Amino acid sequence: MGPAPAGGQLCGAIVEPEVMEPALEGTGKERKKASSRKRTLAEPPAKGLLQPVKLSRAELYKEPTNEELNHLRETEILFHSSLLRLQVEELLKEVRLSEKKKDRIDAFLREVNQRVVRVPSVPETELTDQAWLPAGVRVPLHQVPYAVKGCFRFLPPAQVTVVGSYLLGTCIRPDINVDVALTMPREILQDKDGLNQRYFRKRALYLAHLAHHLAQDPLFGSVCFSYTNGCHLKPSLLLRPRGKDERLVTVRLHPCPPPDFFRPCRLLPTKNNVRSAWYRGQSPAGDGSPEPPTPHYNTWVLQDTALESHLQLLSTMLGSAQGLKDGVALLKVWLRQRELDKGQGGFTGFLVSMLVVFLVSTRKIHTTMSGYQVLRSVLQFLATTDLTVNGISLCLSSDPSLPALADFHQAFSVVFLDSSGHLNLCADVTASTYHQVQYEARLSMTLLDSRADDGFHLLLMTPKPMIRAFDHVLHLHPLSRLQAACHQLKLWPELQDNGGDYVSAALGPLTTLLEQGLGTRLNLLAHSRPPVPEWGISQDPPKHKDSGTLTLGLLLRPEGLTSVLELGPEADQPEAAKFRQFWGFRSELRRFQDGAIREAVVWEAASMSQKRLIPHQVVTHLLALHTDIPETCVHYVGGLLDALIQGLKETSSTGEEALAVAVCCYDDLSRLLWGLEGLPLTVSAVQGAHPVLRYTEVFPPTPVRPASSFYEPVQERSSLLPRLDKPCPAYVEPMTVVCHLEGSGQWPQDAEAVQRVRAAFQLRLAELLTQQHGLQCRATATHTDVLKDGFVFRIRMAYQREPQILKEVQSPEGMISLRDTPASLHLERDTRQLPLLTSALHGLQQQHPAFSGVARLAKRWVRAQLLGEGFTDESLDLVAAALFLHPEPFTPPSSPQVGFLRFLYLVSTFDWKNNPLIVNLNNELTVEEQVEIRSGFLAARAQLPVMVIVTPQDRKHSVWTQDGPSAQILQQLVVLAAEALPMLEKQLMDPRGPGDIRTVFRPPLDIYDVLIRLSPRHIPRHRQAVDSPAASFCRGLLSQPGPSSLMPVLGYDPPQLYLRQLREAFGNLALFFYDQHGGEVIGVLWKPTSFQPQPFKASSTKGRMVMSRGGELVMVPNVEAILEDFAVLGEGLVQTVEARSERWTV
């Protein structure tokens, strides 16, 4: 029992208005001079944009005071930087209780004390005779078995003591809990109350009588029961004030025995205090077998005896050391953000407080340290110390009668003894939870050591819910299945020790089983048990099966994840029998290429998406085999979003194999280009410049073989033409390849002449590929389309000096200067920067196999929201890449699902206005260079696009976002991501199943003024829609791919062509939004300025009509005519034009 466990998210804290003093103040004279000085009027800064502070010369060069010098010296010694100190101080200010609230809480505590001591006594009765309890209150304890010896009477508490974090000043907002210990008089207790739950029965009856009387008092707005740290044998009574202070504080009443009532030697971890004959209802065995020890039961009794001694120890150590208190508060925030302090067995704030005391006593922390240094020291200790192997103790006594650490290690997973040497503070903490704490501490230390600018925010302000921190999550539901698991695993002693709590009894063996089975695939396994909700005093306590869901999180290792083979020992080895027993019927003998005959398990997985889900097969097989938990009770959340990026007829693959086939075909083509003979200049480089070649195309291309019945052949050009009486043919997009030629002095120096020479090269390239390799080619002045193995590649010849030639500008005096022009920037982007980016992201995919799925899901979602036109492929690929290159405070995702959730979080929380998103490809940028980039960004912010993405090759201009998005489109994406993230996380964490996972991908259509609905017959990518149609039109492809002598129709997408016409004709009046992946609706938004009357001009009457207002002729949009034009322009493609007249007015 200790400080109140922190609950809720930090962002929910209520911030009181506080007056901030100016950081620097001059004297009165200096301020007068500054105000009288003439100032030039500047334009007001953009809303929300950070601006440098302007100081007068006197303020700038004023000598620092002694106080400021001391402050600077402290900052240098105790913190990394001044910024970090300010951040820590602001955070502590936000989570600490104000003095005003403390006064109100103190007043409430005095009222509670007065009422508790006035509760009337009850005469003595047998423990099993509970007829004296009033009808409106239930005992907050499962009395199983009911029969138990002993007597009970109620007397007011001998002492009422506030214990825990409130008195220490280390409790943190928003949920303030004050723990109050009620010392029960000795007359209530008897010598053998430690046996067979007698003490816990008396404790529960004591609370029930208190609850009945306090519930009638008008002081309390709420009186209910809850479990102490999830332990169902130890309920507590929760009191909240009535009225406006209802959310101010929760007072938790904990009955406890007098400090020296129970003899510690009877409560050692090796002792038994729950007799098997009583618990199982059987007569004692006559074979003389010893009773199993009950270490957890004994610990729960000891915890109640040590409440005051722990408070005294903490007060002595932390009392006057503000730095230590700050450190404890920061550690509680750190635990809360990682959800490590939640539910039974959590690593609570009380444990970190005692850990600070331990480090002070071992001189690893000094009382003069700052809160930040305490945080670092504790994280360093946790990261490097495994308490599951080497326990620690606060006990300094060398008394030989004290139990040894080895006795505690035998009984508990994690060992941390208090100052008495009898009580294990970490008794309820499982090995999985402690390993998760260790893992998080290691990540946090790496983050702190990197000295990143945003380290504080990532460490203490970024929440890490399980669904976003772990690659796969599984829910065991209903929990009653774990009762059968306990019987199958023969966990009778554990059930007896845990008082029948089969979830706690089975948890340890269950996690050990899965860790052993997942082996090298697993980096970390964590579990989460939600806190049991409070219940009313007239209700029965919740049963074990009603205490929520057991959720397990799997953090996977990419390198071992996709292996389909579990290799066992050789058949003649003694370990082979254990292997067969562990894996059951899955284990079989196999002969390998080296001649060895081994036991092995082979999992069924053909595609990459199936291999990512092999842990699902492992988990369900082991649980069914060893714990009798059927597959129907295991709700596995790992690949639910895969369906959004599966191909037309693919149900088992997410397209990685199809992308690999296309890349392999590109590699073959590049080899042909390298070996081509007959070109005047040799090829110096072949580079891919298409999303397919960096594995980020949402729906990968498949080899095409057009059906001749859908086309009119154009023989003279070896081409096809779509027939008007057939549905729109399949969409085929050529993959861009840039082919660089070697330098030569024969190249002309005139831009137009260079283009003509390049056109000649394109023609020659087509001839040579046809002659030497029999490839179908079609050449134009700017590119050559090549059909190879059913894939179409668009090869662009490039001359490295051409961008420089386009930059040359001649002055009237004949001087030539170099200046960026739109043509030079565009050419440089397409021929130099895009191939480099494609190469870097291709390498990232080789390093992180989940990158492809994450980038494709991200683009699928953005386009499904009808916002795809505002964002280039490259900009969204880079945002996805940032999740892998800068994953802090997480590790790089190993599944598309968790990567997509983090994409939504990044988009919705990143400060796009005041920060560039730095994507450090190949780790080329140093820390100093990144600081320089941020400084340059702030200086040039007004000239930069709304969304700035910086890479090592593009440090200043953000070329991939120059053309969009606009501020409004980016804001809309941020809002949609902020709404989609909690909705999707809630769906994935629902143990009954996620429901319709496509909900967050469906666009909100109610925001648009006009909806243009299209005919599916002329939408070539109709089957790629979020809600894929059950049936669609045939698109003119033969089912059996083979060689084709005719070039298919390229880039033919009627909705996109229609959109282009709409934007050309009405772009000044409206914005148009469309999902290129099979969308059936075009959303139209009128521009706010469209409906402002314009002066009459005969030259600008398009889409407008003339009206007379106030005696003047003005022009306003002719909405009816425009809507009619929408339909006329899209005749055959447009089904209906739906005007939402209530959303706009003329």
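Above this text is the structure in question.
What you see is a predicted model; the values in this text were computed from it and never measured. (Residues numbered from 1 in each chain as written. Predicted model: local features only at pLDDT ≥ 70, side-chain atom pairs only at ≥ 80, totals over all residues. Heavy atoms only, no water.)

Asks: Would you take a moment to explain unusual backbone geometry for this structure?
Replies: Excluding glycine, most residues fall at negative phi; most peptide bonds, likewise, are trans. With an omega dihedral of 10°, the bond running from Arg173 to Pro174 counts as a cis peptide bond. Topologically, Pro174 is positioned in the loop between helix 6 (165–168) and strand 4 (177–183). In this chain, Glu888 is followed by Pro889 through a cis amide linkage whose omega measures 5°. Mapped onto the elements, Pro889 comes out in the loop between helix 30 (873–885) and helix 31 (896–909). Its identity as a non-glycine residue notwithstanding, Asn229 has a phi of 50°, on the positive side. Relative accessible area serves as the criterion here: at 35%, Asn229 is assigned to the partly exposed category. (Helix = DSSP H or I, 4+ residues; strand = E, 2+ residues; numbered from the N terminus. Buried < 20%, exposed > 50% of the residue type's maximum accessible area, 1.4 Å probe, protein only.)

Asks: Looking at this structure, I do not really get a positive patch on the surface. What am I missing?
Replies: There is a patch of like positive charges on the surface, built from Lys149, Lys192, Arg263, Arg266 and Arg275. With respect to the element layout, Lys149 can be found in the loop between strand 1 (122–126) and strand 2 (151–154). (Patch = residues over 30% accessible without salt bridge, like charges linked within 9 Å, V, L, I, M, F, W, Y side chains within 5 Å. Areas by Shrake-Rupley, 256 points an atom, 1.4 Å probe, with all protein chains shown as cover. Salt bridge = Lys/Arg side-chain N within 4 Å of Asp/Glu carboxyl O. Lys, Arg positive; Asp, Glu negative; His and termini not counted. Charge placed at Lys NZ, Arg CZ, Asp CG, Glu CD.)

Asks: Whenever I open this one, the side chain of Glu308 confuses me. Can you help?
Replies: Its location among the elements puts Glu308 in helix 10 (residues 307–318). One buried charged side chain, Glu308, makes no salt bridge at all; its nearest oppositely charged neighbour is Arg186, positioned 11 Å away. Here Glu308 is in contact with Gln159, Thr161 and Thr183, once residues within four sequence places are set aside. (Contact = heavy atoms within 4.5 Å.)

Asks: Looking at this structure, how should I read helix 25 (residues 656–674)?
Replies: Spacing of three or four residues puts side chains on the same side of an α-helix, whose turn is 3.6 residues. End to end, helix 25 covers 27 Å across 19 residues, agreeing with the expected 27 Å (1.5 Å per residue, within 8%). Listed as buried for helix 25 are Glu656, Leu659, Ala662, Val663, Cys665, Tyr666, Leu669, Ser670 and Leu673. (Expected span 1.5 Å × (residues − 1).)

Asks: Which parts of the structure should I look at to understand the pattern of salt bridges?
Replies: Side chains that differ in sign of charge can pair as their charged atoms come close. Throughout the structure, instances matching the rule amount to 45 salt bridges. Among the ionic pairs, Asp245 bridges to Arg104, the shortest N-O distance being 2.6 Å. With Asp245 in the loop between strand 6 (231–241) and strand 7 (250–256) and Arg104 in helix 5 (residues 99–117), this residue pair connects regions lying 141 residues apart in the sequence. Overall, the relative accessible area of 15% leaves Asp245 in the buried class. Residue classification places Arg104 among the partly exposed residues on the basis of a relative accessible area of 33%. Salt-bridge contacts for Lys234 lead to Asp304; the nearest nitrogen and oxygen are separated by 3.0 Å. Here Lys234 is found in strand 6, whereas its partner Asp304 is found in helix 9 (residues 295–305), with 70 residues between them in sequence. The class for Lys234 is buried, based on a relative accessible area of 3%. A relative accessible area of 2% places Asp304 in the buried class.

Asks: Which parts of the structure should I look at to understand empty space enclosed by the protein?
Replies: Rolling a probe over the atoms, with the probe sized like a water molecule, indicates the empty space that remains. Here the structure, examined in full by the defined rule, presents 10 cavities of 30 Å³ or more. The wall of the largest cavity is formed by 13 residues, among which Tyr227, His232, Val532, His544 and Ser547 lie closest to the centre. Grouping the constituent residues of the lining of the largest cavity by class yields four nonpolar, six polar and three charged. (1 Å grid on protein atoms, 1.4 Å probe; cavity = no way out; pocket = protein on both sides within 12 Å on 5 of 7 lines; lining within 4 Å. Points joined across faces, edges and corners; volume = space filled by probe spheres on them. Nonpolar A, V, L, I, M, F, W, Y, C, P; charged D, E, K, R; others polar.)

Asks: Sorry, what's going on with the packing of helix 11 (residues 322–337) against helix 13 (residues 371–384) here?
Replies: Each packed pair of helices is defined by two parameters, the angle between the axes and the distance between the axes. The geometry of helix 11 relative to helix 13 is characterised by a closest axis approach of 7 Å and an angle of 55° between their N-to-C directions. The angle between helix 11 and helix 13 falls in the class oblique. The element helix 11 and its partner helix 13 pack so that their crossing is right-handed. Where helix 11 abuts helix 13, its residues Gly323, Leu324, Asp326, Gly327, Leu330, Leu331 and Trp334 lie against Gly371, Tyr372, Val374, Leu375, Val378 and Leu379. Counted by class, the contact of helix 11 with helix 13 contains nine nonpolar, three polar and one charged residues. (Axes fitted to C-alpha atoms, helices over the stretch in contact; angles between N-to-C directions. Parallel < 35°, antiparallel > 145°, perpendicular 65-115°, else oblique. Left-handed = near helix turned anticlockwise from the far one by under 90°.)

Asks: Teacher, can you tell me more about the sheet that holds strand 31 (residues 1081–1086) here?
Replies: Paired through their backbone hydrogen bonds, the strands of a sheet run either parallel or antiparallel. Strand order in the open sheet made by the four strands is 30-31-29-35, with antiparallel pairing throughout. The sheet terminates laterally at strand 30 (1070–1074) and strand 35 (1134–1139), the two strands that pair on one side only. For this sheet, the mean inter-axis angle between neighbouring strands, taken without regard to orientation, is 20°. With five bridges joining them, strand 29 (residues 1010–1014) and strand 35 adopt antiparallel strand pairing. Within strand 35, the position partnered with Leu1014 by the bridge is Val1134. (Pairing = 2+ DSSP bridges.)

Asks: Looking at this model, I keep getting lost on the pairing of strand 10 (residues 472–476). Mind explaining?
Replies: Side chains on a regular strand alternate between the two faces of the sheet. A large share of strand 10 lies buried, amounting to five of its five residues. Side-chain alternation along strand 10 places His472, Leu474 and Leu476 on one buried face and Val473 and His475 on a second face that is also buried. Here strand 10 runs beside strand 17 (residues 634–637); their pairing, made up of four bridges, is antiparallel. Counterpart to Leu474 in the pairing with strand 17 is Tyr636.

Note that all results are geometric; they support no functional claim without further evidence.
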